[in-house]
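# Structure assessment
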Amino acid sequence: MGGNEVSVLGNAEVNCYPRTWARLLGRGHRARPVLSCPVLPCPAPPTPALGCVAGLLAGGRSRSPFPVVQHGAVQPQFRPALVRRWERAARVAGAMRRRGAVQRKVPCVFVTEVKEEPSAKRERQCGRKHMLIFEFLKNHNKSFFQLLSHEEHKKQFHHPSSDPLIEKAGYLFQLVDTLISVSILLSSIVFQDIYNIGKHPFKVLATETITGKALEADIYNAIPTEKVDGTCCYVTTYKGRPYLWARLDRKPNKQAEKRFKRFLYSLEDCKEFVWNIEEDFKPVPDTWIPAKDIEFSNGNPLPDENGHMPGWVPVEKNSKQYCWHSSVINYEAEIALVLKHHADPGLLEISPVPLSEILEQTLELIGTNINANPYGLGSKKQPVHLLVPHGAFELKNPPALKQNDLLSWFEGCSEGKVEGIVWHCHDGCLIKLHRHHLGLPWPLAETYLSSQPVVISFNRTKYDCDFEPKSLFHHFSNLDGQRFDRLKDIKFDV
């Protein structure tokens, strides 16, 4: 716990205050419950020499003719007011630190327009599929073309049988097997690309007009942070303990989706689309819960403007469907692997964080098998996945809210090599801007996040449980104290 952080869990003693502040309040004083979050940053406390400052903290101004601080301690009559003032400061600071949570689709900062052009989103994912074709043909072309030549076939794939019919049959079987393998790979990739092209037959581009919602949320005084490219997660209670939840939107079935699309594309001045919640949507697991910010009607969650119901499902230990989610949590120790800023400027840190400390927060899961791995983490043999709290990476030199400035920042600044920007407004509202809103590509060959140095802080002696030898927790605990020049350079010694 940092020097200027105060625990607000129940009636715990104020032994986490800095020494000077604990001495001012008196060691026997107890803090009242303030918020549900476990640790909140607070402003630096006054020292005994600053009696007037303590008085200002206690009530805005010191009306007493007597000094607030005498002999290195706060006078008893000032302690309640001083603690109340401290708690108010903690609430404000805590709200600023926790930032907003992603419980539904985040709107763009600019008014957008649709152009009927193929979308450039996920170009790298399609590129990786085409690389699979190249790799497959590179590995198989020798045997493939040898099979096409019967003479070469007889040299390389000679059968001991002297019967020419049996020999030719063996040749044909191998040839057909190779052709089937190639055709299955090509067809699956081509059809998936055709599906993706049909799924994104247009571009959504930003205009130069800032939306009314962004202006209403005071976007100009919001905190700009890096938009991290991953999949959204949520930490909340399940079975009476903190649990990681994966994002699962409840979507309409085929018939309802067709009706909804006809409604969206119709030129008539139609009334609001009416959903049949019980019949129009695909089933979800019994453990599914709707996201917090969605609207309800008669006790039923309502779909958003896209026809989806944002929600969550708990990630069980050793889950096959959510195996990459479960790789970053350990329910026995109740910890998660989190990527965040280190205390030293310009340095990242990977460390285990108690799930109780990130309760009711949303995070982004990034790594080898998430969204085509834009940050280059790990490898197929040694996958690496991490959780990043939303709003964790505040931009140091953000651009002005003008398209030309934003374009220059994204294209000409090292800090601009990010997927986008998310503004955390003071009212908890989130506003975003993606690179593709400006017609810029993503992912990039080199990203700002993956190029930053990182240190591993994982003292396994703090935990009673034994981590599985193949788990990320075991691998990272073996790297405790090690520093890497770039996040993408992390490798485990196996």
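No experiment lies behind these values; they were computed from the predicted model shown.

### A word on the overall build of the protein
- Each helix and strand counted, the protein has 11 helices and 22 strands in total.
- A separation threshold of at least 6 residues defines the contact pool for the protein, and within that pool the share at least 24 residues apart is 68%.
- Summed over its atoms, the accessible surface of the protein is roughly 27,700 Å², and 53% of this surface lies on carbon and sulfur atoms.

### Concerning the sheet that holds strand β20 (residues 430-434)
- Spatial strand order, β7-β19-β20: 3 strands in an open sheet with antiparallel pairing. The sheet is open, and its two borders are formed by β7 (223-227) and β20, each paired with just one other strand. The mean angle between the axes of side-by-side strands here comes to 25°, regardless of whether they run parallel or antiparallel.
- On top of the sheet, helix α10 (residues 403-412) reaches β19 (420-424) and β20; it is set at about 125° to β19, its chief contact.

### Remarks on α10
- Of all the positions in α10, only Q403, L406, W409 and F410 are classed as buried. Around the axis of α10, the buried residues are gathered within 130° of arc, so they sit on the same side. For α10, exposure combined with an orientation more than 90 degrees from the buried face picks out N404, E411 and G412.
- Looking at the packing, one finds that the buried side of α10 touches β5 (110-115), β6 (203-210), β19 and β20.

### Description of the packing of aromatic side chains
- Inspection of the entire model under this criterion finds 17 aromatic pairs.
- Ring geometry for Y234 versus W312: centroids 5.2 Å apart, planes at 40°, classification tilted. Of the two residues, Y234 is situated in strand β8 (residues 231-238) and W312 in strand β13 (residues 311-314); the sequence distance between them amounts to 78 residues. In this structure, Y234 and W312 share a single accessibility class: buried.
- Among the aromatic residues, those joined into a cluster by ring pairs are F260, F263, F273, W275 and F281.
- Looking at R247, its charged tip hangs above the ring of W312, at a distance of 5.3 Å from the centre.

### Overview of the nonpolar core
- L339, I350, I366, L386, L387, F476 and I490 are the most contacted members of the largest nonpolar core, which has 69 residues in total.
- Discounting chain neighbours no more than four positions away, the residues touching F476 are L337, I350, V384, L386, I456, F458, I490 and F492.
- Core analysis: the second largest hydrophobic core is formed by 24 residues, V109, I219, L395 and L438 among them.

### Things to note about the pattern of salt bridges
- According to the stated counting rule, one finds 11 salt bridges in the structure shown.
- Note that E360 and K292 form a salt bridge whose closest N and O atoms lie 2.8 Å from each other. You can see E360 sitting in the loop between β16 (348-354) and β17 (362-367) and its partner K292 sitting in the loop between β10 (289-290) and β11 (296-297), a full 68 residues away along the chain.
- When salt bridges with common partners are traced through the structure, they connect E446, R486, K488 and D489 into a single cluster.

### Regarding a positive patch on the surface
- A contiguous patch of positive charge on the surface is contributed by K251, K254, K258, R262 and K282.
- Inspection of the secondary structure assignment puts K254 in helix α8 (residues 254-265).

### Here we look at the pairing of strand β18 (residues 385-389)
- Burial of β18 is extensive: 5 of the 5 residues sit out of reach of the surface.
- By the alternation rule, side chains of β18 split into H385, L387 and P389 and L386 and V388, which are all buried.
- Relative to β18, β17 runs antiparallel, the two being bridged by 5 bridges. When the bridges of β18 are listed, I366 appears paired with L386.

### Things to note about the side chain of K432
- Mapped onto the secondary structure, K432 falls in strand β20.
- The buried charged residue K432 lacks any salt bridge partner; its closest oppositely charged side chain belongs to E419, at an N-O distance of 7.6 Å.
- Here K432 is in contact with K105, V106, P107, C108, V109, K227, I421, V422, W423 and H437, once residues within four sequence places are set aside.

Conventions used here
- Residues numbered from 1 in each chain as written.
- Predicted model: local features only at pLDDT ≥ 70, side-chain atom pairs only at ≥ 80, totals over all residues.
- Heavy atoms only, no water.
- Helix = DSSP H or I, 4+ residues; strand = E, 2+ residues; numbered from the N terminus.
- Contact = heavy atoms within 4.5 Å.
- Areas by Shrake-Rupley, 256 points an atom, 1.4 Å probe, with all protein chains shown as cover.
- Pairing = 2+ DSSP bridges.
- Axes fitted to C-alpha atoms, helices over the stretch in contact; angles between N-to-C directions.
- Buried < 20%, exposed > 50% of the residue type's maximum accessible area, 1.4 Å probe, protein only.
- Arc of directions from axis to C-beta.
- Phe/Tyr/Trp six-rings, centres within 6.5 Å; stacked < 30°, edge-to-face > 60°.
- Lys NZ or Arg CZ within 6 Å of the ring centre and 35° of its normal.
- Core = buried A, V, L, I, M, F, W, Y, C linked by side-chain atoms within 4.5 Å.
- Salt bridge = Lys/Arg side-chain N within 4 Å of Asp/Glu carboxyl O.
- Patch = residues over 30% accessible without salt bridge, like charges linked within 9 Å, V, L, I, M, F, W, Y side chains within 5 Å.
- Lys, Arg positive; Asp, Glu negative; His and termini not counted.
- Charge placed at Lys NZ, Arg CZ, Asp CG, Glu CD.

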